[in-house]
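These are the residues of each chain, in order.
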Amino acid sequence: MFLFDDLTQIEVVDIIEFLGTIAFAISGIRLASAKHFDWFGAIVIGFVTAVGGGTLRDLLLDVPIFWMQASRYIWCTLFAFIIVLFFKKYLVHLNNTIFWFDCIGLGLFVVVGYEKAMALEYPVWVCVSMATITGIVGGMIRDILINEIPIIFTQELYAVACILGGILFSILSYLHVDLVVTEIATAVFVVVIRILATKYHLKLPVLRGED
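Within any chain, residue numbers begin from 1 and follow the written order of that chain's sequence. Only residues with pLDDT of 70 or above have their local features reported here, since the model is predicted, and side-chain atom pairs are shown and tallied only from 80 upward, although totals for entire chains, interfaces and linings are computed over all residues. As a rule here, side-chain values cover all heavy atoms of the structure and leave hydrogens and water aside.

An unreviewed UniProt entry lists the protein under the name Putative membrane protein YeiH, with Dysgonomonas hofstadii as the source organism. UniProt positions are given in the numbering used here, feature names are shortened, and annotations may be inferred rather than shown by experiment. For the record of the protein, the UniProt heading Subcellular location (unreviewed entry) holds the text "Cell membrane".

Structure, rendered in structure tokens:
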């Protein structure tokens with residue numbers, strides 16, 4: 001089999017998935033670098049960050065796991081590693097690097113997860129759930145592997161941003177808005193929510209026990 005996959009049938013959602021994979025992989029590799037992982041460890045963390053959510057999604061949807069059907073996700077991770085390797089002076093030492101790439105990956109993967117469930121004709125609530133899982137699980141696995149508290153439990157409106165993004169996708173689809181416009185609007189919406197929530201410290205109420 002040829003080393004590279006056939007790229008002649010790439011659609012907009014594929015481009016979104018590629019960009020999301022690279023963005024999440026960069027966030028994982030950058031964090032691994034900050035933790036002084038070796039090259040192999042950093043690549044593993046980057047790959048797990050990029051494919052973790054989609055893997056769980058595909059298992060739940062009972063479809064072939066996406067990254068086992070095409071080598072391009074590995075190449076995306078290696079490309080992300082090269083970016084960090086050559087631009088580490090700018091990426092590794094910037095405190096906001098993980099945040100920005102995580103935001104971008106989150107928004108893009110919400111779109112990918114929703115569309116995959118929608119293509120299989122699942123109801124809206126399942127599509128929103130798959131969008132959320134695709135967005136958050138990779139980062140959760142990354143944080144657990146590097147012995148950090150998952151950012152879904154510590155940062156402002158993380159999973160909520162995915163849920164709201166999925167709802168927006170549902171509304172725009174119901175209104176028959178052009179698919180490309182829906183994809184871009186949803187991804188941007190999720191990123192904007194994360195930025196605003198972080199800037200203004202918007203969080204859900206904390207569940208407290210008895211004092």
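Our next topic: the overall build of the protein. Put simply, DSSP H or I for four residues or longer makes a helix, DSSP E for two residues or longer makes a strand, and each gets a number counted from the N terminus. On a plain count of helices and strands, the protein comes out with eight helices and zero strands. Whereas a compact globule of 211 residues would reach a radius of gyration of roughly 17 Å, the protein reaches 17 Å, a difference of no more than 12%. Dimensions along the principal axes, computed over C-alpha positions, put the protein at roughly 65 × 45 × 30 Å. Residue burial is assigned from relative accessible area. The probe radius is 1.4 Å, only protein chains are included, and a residue is buried under 20% of its type maximum, exposed over 50%, and partly exposed in between. Out of the 211 residues belonging to the protein, those deemed buried represent 50%. Residue contacts follow a heavy-atom distance rule, with two residues in contact if any of their heavy atoms lie within 4.5 Å. At a minimum sequence separation of 6, the contacts of the protein that also span at least 24 residues come to 73%. A 1.4 Å probe and the Shrake-Rupley method give the accessible areas. Residues count as covered only by the protein chains that appear here. If you sum the accessible surface of the protein, you get close to 11,700 Å²; carbon and sulfur atoms cover 70% of it. His residues and chain termini do not enter the charge count, which takes Lys and Arg as positive and Asp and Glu as negative. Where a charge lies is defined by one atom per residue type: Lys uses NZ, Arg uses CZ, Asp uses CG and Glu uses CD. Across the protein, the mean location of the 12 positive side-chain charges is 13 Å away from that of the 18 negative side-chain charges. Only C-alpha atoms enter the radius of gyration; for comparison, a globular chain is expected to reach 2.2 Å times N to the power 0.38, where N is the number of residues.

UniProt feature "domain: Glycine transporter" (unreviewed entry): in the numbering of this structure it lies at residues 15–88 and 100–172. As annotated, residues 15–88 has a helix share of 80% and a strand share of 0%, and its two end C-alpha atoms lie 25 Å apart. Helix makes up 77% of residues 100–172 and strand 0%, and the two end C-alpha atoms of the span are 26 Å apart.

A few words on unusual backbone geometry. Of note in this structure, Asp-62 is not a glycine but carries a positive phi near 60°. Asp-62 gets classed as exposed once you look at its relative accessible area, which sits at 69%. Of note in this structure, His-201 is not a glycine but carries a positive phi near 55°. Mapped onto the elements, His-201 comes out in the segment after helix H8 (179–199).

Before going further, it helps to spend a moment on the packing of helix H2 (residues 39–61) against helix H3 (residues 72–86). Working convention: axes come from line fits to C-alpha atoms, limited for helices to the stretch in contact. Angles between N-to-C directions cover 0 to 180 degrees. Where H2 contacts H3, the axes come no closer than 9 Å and their chain directions differ by 125°. Between H2 and H3, the interaxial angle falls into the category oblique. The two elements H2 and H3 cross, and the hand of that crossing is right-handed. Where H2 abuts H3, its residues Trp-39, Ala-42, Ile-43, Gly-46 and Phe-47 lie against Tyr-73, Ile-74, Thr-77, Leu-78, Phe-81 and Leu-85. Across the contact of H2 with H3, the residue classes break down as nine nonpolar, two polar and no charged. Any angle that falls under 35 degrees is termed roughly parallel, while one over 145 is termed roughly antiparallel, one within 65 to 115 roughly perpendicular, and all others oblique. Definitions for this section: a left-handed crossing has its near helix turned counterclockwise from the far helix by less than a right angle. A right-handed crossing has that turn clockwise. Polarity classes work like this: nonpolar for Ala, Val, Leu, Ile, Met, Phe, Trp, Tyr, Cys and Pro, charged for Asp, Glu, Lys and Arg, and polar for all others, with Gly in that last group.

In this section: helix H6 (residues 124–145). In a helix, the anticipated span is given by 1.5 Å times the number of residues less one. Helix length check: H6 (22 residues) gives 32 Å between terminal C-alpha atoms against 32 Å at 1.5 Å per residue, within 8%. Of all the bends in H6, the greatest, near 30°, is centred on Ile-136. Two residues or fewer past H6, Asn-147 is found with a positive phi of approximately 65°. Given a residue, its bend is the angle between the two axes fitted to the seven residues that end at it and to the seven that start from it.

Okay, the packing of aromatic side chains next. Within 6.5 Å between ring centres, the rings of Phe, Tyr and Trp (the latter by its six-membered ring) count as paired, and their orientation is classed by plane angle as stacked under 30 degrees, edge-to-face over 60, tilted in between. If you walk through the whole model with that rule in mind, you get six aromatic pairs. Ring geometry for Trp-39 against Phe-81: centres 5.3 Å apart, planes inclined by 70°, an arrangement best described as edge-to-face. Note that Trp-39 is positioned in helix H2 and Phe-81 in helix H3, a separation of 42 residues in sequence. Given a relative accessible area of 10%, Phe-81 falls into the buried group.

Looking now at the environment of Thr-132. The residue Thr-132 is located in helix H6 in this model. When near neighbours in sequence (up to four residues on either side) are disregarded, Thr-132 contacts Ala-159, Cys-162 and Ile-163.

For the rest of this paragraph, the subject is the UniProt feature "transmembrane region" (unreviewed entry) in the protein. Following the UniProt record, one finds the feature "transmembrane region" (unreviewed entry) at residues 12–32, 39–60, 66–87, 99–117, 123–145, 157–174 and 180–197. In the segment residues 12–32, helix accounts for 100% and strand for 0%; the C-alpha atoms at its two ends are 30 Å apart. Secondary structure across residues 39–60 comprises 100% helix and 0% strand; the distance between its end C-alpha atoms is 32 Å.

Time to look at a nonpolar patch on the surface. Each patch is built from residues lacking any salt bridge and having more than 30% relative accessible area; the joining distance is 9 Å for like charges and 5 Å for nonpolar side chains (Val, Leu, Ile, Met, Phe, Trp, Tyr). One side-chain nitrogen of Lys or Arg within 4 Å of one carboxyl oxygen of Asp or Glu is enough to make a salt bridge. A cluster of nonpolar residues, Val-12, Val-180, Ile-184, Val-188, Val-192, Leu-196, Tyr-200 and Leu-202, forms a patch on the protein surface that exposes about 650 Å² of accessible area. Of all the elements, H8 adds the most residues to the nonpolar patch, at five residues. Topologically, Val-192 is positioned in helix H8. Taking relative accessible area as the criterion, Val-192 reaches 37% and is therefore assigned partly exposed.

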